[in-house]
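# Summary of the model geometry
This is what each chain is made of:
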Amino acid sequence: MHRCFTNILTEEVAVTAAFYEELLGLKRQTSTDGFVLLADPDSPGLELGILNQTSDIVPVRAQRAPAGVILTFVVGNCDTVYERATAMKANIVEAPRELADGRRRMILRDPAGTFVDISSPVRETVKTA
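These remarks concern the structure in this document.

Scoring rules and cut-offs
Residues numbered from 1 in each chain as written. Predicted model: local features only at pLDDT ≥ 70, side-chain atom pairs only at ≥ 80, totals over all residues. Heavy atoms only, no water. Core = buried A, V, L, I, M, F, W, Y, C linked by side-chain atoms within 4.5 Å. Buried < 20%, exposed > 50% of the residue type's maximum accessible area, 1.4 Å probe, protein only. Helix = DSSP H or I, 4+ residues; strand = E, 2+ residues; numbered from the N terminus. Contact = heavy atoms within 4.5 Å. Phe/Tyr/Trp six-rings, centres within 6.5 Å; stacked < 30°, edge-to-face > 60°. Lys NZ or Arg CZ within 6 Å of the ring centre and 35° of its normal. Pairing = 2+ DSSP bridges. Axes fitted to C-alpha atoms, helices over the stretch in contact; angles between N-to-C directions. Patch = residues over 30% accessible without salt bridge, like charges linked within 9 Å, V, L, I, M, F, W, Y side chains within 5 Å. Areas by Shrake-Rupley, 256 points an atom, 1.4 Å probe, with all protein chains shown as cover. Salt bridge = Lys/Arg side-chain N within 4 Å of Asp/Glu carboxyl O. 1 Å grid on protein atoms, 1.4 Å probe; cavity = no way out; pocket = protein on both sides within 12 Å on 5 of 7 lines; lining within 4 Å. Points joined across faces, edges and corners; volume = space filled by probe spheres on them. Nonpolar A, V, L, I, M, F, W, Y, C, P; charged D, E, K, R; others polar.

Looking now at the nonpolar core. Y20, L23, L24, I50, F73 and I118 are the most contacted members of the largest nonpolar core, which totals 25 residues. Within the residue set of this core, elements represented by two or more residues are α1 (13-24), β3 (35-39), β4 (47-52), β5 (70-74), α2 (78-87), β7 (103-109) and β8 (115-121). Take this core: its biggest share by element is 6 residues, from α1. Apart from residues no more than four positions distant in its own chain, F73 is found in contact with Y20, L24, L48, V116, D117, I118 and S119.

Put into structure tokens, the structure is as follows:
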């Protein structure tokens, strides 16, 4: 395998791309009218595509609202991203809270309606076999 990234399908490519740029600091690598490729500036292999959902390359069955998907980003500090999301007036579904598995997590929705999990480690967890 040479590469792997997720594409978010949306009617609002520019708005959705700007959301991830502002929320997570992702930078544009490629940009056309119907597609934007974003990457983390510190880890360029971590990429996210934003694709027009009615593009000719998107199968007709995939051109509707997302369902059954949660996109997860593990960051250094969930609360910092929460503050940024609040300032952006993002659609916050669940405020940050600590989970039993040692993560602090918040859930929000992006402009395309995709559920987004922003998590950060709080403590080391013991792995069992």
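This paragraph deals with the packing of aromatic side chains. Overall, the coordinates contain 2 aromatic pairs when judged by the stated rule. Judged by centre distance (5.1 Å) and plane angle (85°), the ring pair of F19 and Y20 falls under edge-to-face. When sorted by exposure, F19 lands in the same class as Y20, which is buried. Owing to a relative accessible area of 0%, Y20 belongs among the buried residues under this scheme. Members of the aromatic cluster, joined through ring pairs, are F19, Y20 and F73. The cationic tip of R109 hangs over the ring face of F115; the distance from NZ or CZ to the ring centre is 4.1 Å.

Right, let's talk about the sheet that holds β3 for a bit. Spatially, 4 strands are ordered β1-β4-β3-β2 in an open sheet, and the strand pairing comes out mixed. Edge positions in the sheet fall to β1 (6-10) and β2 (27-31), since each has one partner strand and no second. On average, each strand axis in the sheet is tilted by 25° relative to the strand beside it, whichever way the strands run. Sheet topology places β2 next to β3; 4 bridges connect them, and they run antiparallel. Across the sheet, the residue bridging to K27 is A39, located in β3. Against the sheet, α1 touches β1, β2, β3 and β4, its axis set at about 160° to β4.

Taken together, I70, V93 and F115 make up a surface patch of nonpolar side chains, about 260 Å² in accessible area. Positionally, F115 belongs in strand β8.

To continue, consider the layout of surface pockets. Taken as a whole, the largest pocket spans an internal volume of roughly 380 Å³. If you go around the largest pocket, you meet 18 residues; those closest to its centre are L24, L26, D40, L46 and F73. For the lining of the largest pocket, the elements supplying multiple residues, two or more each, are α1, β4, β5 and α2. Of the residues belonging to the lining of the largest pocket, the class tally is 12 nonpolar, 3 polar and 3 charged.

Everything listed here is a matter of geometry and, on its own, says nothing about what the molecule does.
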